[in-house]
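Survey of secondary and tertiary structure
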Amino acid sequence: MKPMDGLRISTDPADVDMDVVHGFLSAHAYWCIGIPRELVEKGVANSLCFSAWLDGRQVGFARVIGDRATFGYLADVFVLPEYRGRGISKALVAAAMAHPDTVGLRRIMLATRDAHSLYAGFGFKSPARPESLMEIHRPGLYQREPGGA
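Residues numbered from 1 in each chain as written. Predicted model: local features only at pLDDT ≥ 70, side-chain atom pairs only at ≥ 80, totals over all residues. Heavy atoms only, no water.

Counting its secondary structure elements, the protein chain contains four helices and five strands. Secondary structure elements of the protein chain occur, N-terminal to C-terminal, as β-α-α-β-β-β-α-β-α. With the C-alpha coordinates of the protein chain rotated into their principal frame, the extents come out at 50 × 40 × 25 Å. With 149 residues in all, the protein chain has 37% of them scored as buried. Once local pairs closer than 6 in sequence are excluded, the contacts in the protein chain between residues at least 24 apart make up 58%. Here the protein chain displays about 9,400 Å² of accessible surface, and carbon together with sulfur accounts for 52% of that area. (Helix = DSSP H or I, 4+ residues; strand = E, 2+ residues; numbered from the N terminus. Buried < 20%, exposed > 50% of the residue type's maximum accessible area, 1.4 Å probe, protein only. Contact = heavy atoms within 4.5 Å. Areas by Shrake-Rupley, 256 points an atom, 1.4 Å probe, with all protein chains shown as cover.)

Laid out in structure tokens, this is it:
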């Protein structure tokens, strides 16, 4: 699918609409519901970001976290619900995978609950040796306990 007319993917940090990015991540992204704005701002500042713009508005986002030399982690990929089904997520991932700071990386990883087919189209697959991977996973970290501070 070719990118839609008028779609612009930007890596300029000034093009990140933090209201859109934080608004979506904190309220709709299953992986970080409730994330504080300060953490989103810090993550964006320390990542290679890709902002999808259409009709004068940011409609999607993705970022690559890593050292820009050997390793990257593709994260926070989203398209606003009213703009889905138009190839925007594919354009975002394509831009991320074609960026000069990612094409030479030895390993790029991601985690997804429901978009395996999107990422498989870019060469992502299950780890060849999952037994070699470990993680610390803290689901619900940003959600407050009922009655908590």
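Checked against the element boundaries, Ala29 lands in the loop between helix H1 (18-28) and helix H2 (37-45). Residues Ala29 and Phe78, spaced 49 residues apart in sequence, show a C-alpha to C-alpha distance of 8.1 Å.

This next bit is on the packing of aromatic side chains. For the coordinates displayed, the defined rule picks out four aromatic pairs. Plain terms: the ring middles of Phe24 and Phe78 are 4.2 Å apart, the flat faces sit at 10° to each other, and that makes the pair stacked. Taken together, the positions of Phe24 in helix H1 and Phe78 in strand S4 (residues 71-79) put the pair 54 residues apart, joining distant regions of the chain. The class for Phe24 is buried, based on a relative accessible area of 6%. Judged by centre distance (5.0 Å) and plane angle (90°), the rings of Tyr30 and Trp31 are edge-to-face. (Phe/Tyr/Trp six-rings, centres within 6.5 Å; stacked < 30°, edge-to-face > 60°.)

With 37 residues, the main nonpolar core has Leu25, Leu74, Ile88 and Tyr119 as its most contacted residues. By residue number, the principal contributor to this core is helix H3 (residues 88-98), which donates six residues. When sequence neighbours within four positions are dropped, the list of residues in contact with Leu25 reads Trp31, Cys32, Ile33, Ile35, Val40, Asp76 and Phe78. (Core = buried A, V, L, I, M, F, W, Y, C linked by side-chain atoms within 4.5 Å.)

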